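Close look at the chain arrangement
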Amino acid sequence: MSGLSREDLTEKPITLFEKWLQAAIDAGLYDPNAMVVSTVNKDGQPHSRIVLLKNYDENSLVFFTNLGSKKAHDIADNPKVSILFPWYFLERQVIFTGTAEKLPISDVLKYFHSRPRDSQLGAWASHQSSHISARSILESKFMELKEKFKNGEIPLPSFWGGYRVTFDTVEFWQGRENRLHDRFFYQKDADGNWQDPVRLAP
Ligand SMILES: Cc1cc2nc3c(=O)[nH]c(=O)nc-3n(C[C@H](O)[C@H](O)[C@H](O)COP(=O)(O)O)c2cc1C
Ligand SMILES: Cc1ncc(COP(=O)(O)O)c(C=O)c1O
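What you see is a predicted model, and the numbers here were worked out from it, not measured in a lab. For every chain, the first residue of the written sequence is number 1, and numbering continues from 1 along that sequence. Numbering of ligands from 1 and lettering of chains from A proceed in the order in which they are written. A pLDDT threshold of at least 70 governs which residues receive local features in this predicted model, and a stricter bar of 80 or more applies before side-chain atom pairs are shown or counted, although totals over entire chains, interfaces and linings include all residues.

Bringing the site of ligand 1 into the picture now. Proximity of a residue to a molecule or strand is defined by its backbone-placed C-beta atom lying within 6 Å of that partner. Among the 16 residues in the neighbourhood of ligand 1, the closest are listed as T65, S69, K70, K71 and S129. Listing elements by their share of the shell around ligand 1, those giving two or more residues are strand 2 (46-52), strand 4 (60-66) and helix 2 (70-77). Labels follow the DSSP assignment, with helices taken as runs of H or I lasting at least four residues and strands as runs of E lasting at least two, numbered in each case from the N terminus. The dominant element in the shell around ligand 1, judged by the number of residues it contributes, is strand 2, at five residues. Put simply, Ala, Val, Leu, Ile, Met, Phe, Trp, Tyr, Cys and Pro go in the nonpolar bin, Asp, Glu, Lys and Arg in the charged bin, and everything else, Gly too, in the polar bin. Of the residues that constitute the shell around ligand 1, the class distribution is six nonpolar, six polar and four charged.

On to the pairing of strand 7 (residues 160-174), then. Counting buried positions along strand 7 gives 11 out of 15 residues, so the element sits mostly inside the fold. The pairing criterion is simple: DSSP has to find at least two bridges between the two strands. As defined by bridge partners, strand 4 adjoins strand 7 across seven bridges and the pair is classed as antiparallel. Directly across from S60, in strand 7, lies its bridge partner T166. Relative to strand 7, strand 6 (residues 92-102) runs antiparallel, the two being bridged by 11 bridges. Paired with Q93 across the two strands is W173, which belongs to strand 7. Burial in this document is a count-based property: other C-beta atoms within 10 Å of a residue's C-beta are tallied, and the residue is buried at 20 or more, exposed at 12 or fewer, or partly exposed in between, with C-beta positions derived from the backbone.

What follows deals with the site of ligand 2. The local shell around ligand 2 consists of L52, F64, R115 and S119. Here the residues of the shell around ligand 2 sort into two nonpolar, one polar and one charged.

Here we come to helix 5 (residues 135-148). Multiply 1.5 Å by the residue count of a helix minus one, and that product is the helix's expected span. With 14 residues, helix 5 extends 20 Å from end C-alpha to end C-alpha; this agrees with the ideal 20 Å at 1.5 Å per step. Counting buried residues in helix 5 gives zero out of 14 residues, a small share hidden from the surface.

Per-residue confidence for the chain gives a mean pLDDT of 97; residues scoring 70 or more make up 100%. Reported for the predicted complex are a pTM of 0.98 and an ipTM of 0.99. Values of pLDDT, ranging from 0 to 100, describe the predictor's confidence in every residue of the model.

On to the UniProt feature "binding site: substrate" (unreviewed entry) in the chain, then. UniProt positions are given in the numbering used here, feature names are shortened, and annotations may be inferred rather than shown by experiment. Those places that UniProt annotates as "binding site: substrate" (unreviewed entry) correspond, in this numbering, to K54, Y111, R115, S119, R179, L180 and H181. Spatially, the listed residues are scattered: they cover 128 residues, and their C-alpha atoms lie as much as 43.4 Å apart. Those residues in contact with K54 that lie beyond four places of it in its chain are V62, F63, F64 and Y111. Structurally, the position occupied by R179 is in the loop between strand 7 and strand 8 (182-187). Assessed through the 7 C-beta atoms surrounding it within 10 Å, R179 is described here as exposed. This entry defines residue contacts through backbone-placed C-beta atoms, with two residues in contact when those atoms are within 7 Å.

Structure, rendered in structure tokens:
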């Protein structure tokens, strides 16, 4: 794997991100769009979990989840998040920091109805991050809902939604020999424009 040099950098970090995401797809990585989202709760305790990137544009990344989950509670208390793409098979990682906000219901509806019916039912069946005494409870709930919603469109649960994370920093990390890796860090200025990326020591 060759390094990352200044000539490889693009004016907007999303352009380079898109190239690296495509490389992860082309390399056949399992769930190349998997990203680690870290939140911080009201006591300052960080917590991380993987979610799937479902959309992005030049300023933001989008994921979908349960609005009663731990991550949703953390974001309600503190919308600052960090998102990391762990493409270590390619000796790469990309790290975003930014601010999460709930997606409008129109975006959520569109995505929810694009999911396989059983995934929609799975969302209904699971009060994500709550305590359950046995797996069988989840499975019987799923079967009950399958019967209930057997005809027509499955409605969007009020407790399901998504977040748009508008990012203001992005770091690209490329592994190199002797642990002398390449790192470039993009940051927005006060007017919201991307400054020239800086090289960070590995
Ligand atoms: C590859 C992978 C992809 C996942 N994608 C999502 C996702 O897009 N949305 C989601 O809510 N949970 C997803 N999960 C489950 C989360 O990692 C996590 O267990 C769940 O969201 C509950 O997190 P929380 O209790 O911290 O809120 C995924 C897990 C894995 C391993
Ligand atoms: C609980 C949960 N929700 C949502 C997702 C996002 O993926 P999809 O919408 O493609 O099911 C995942 C993926 O693993 C998941 O585990």
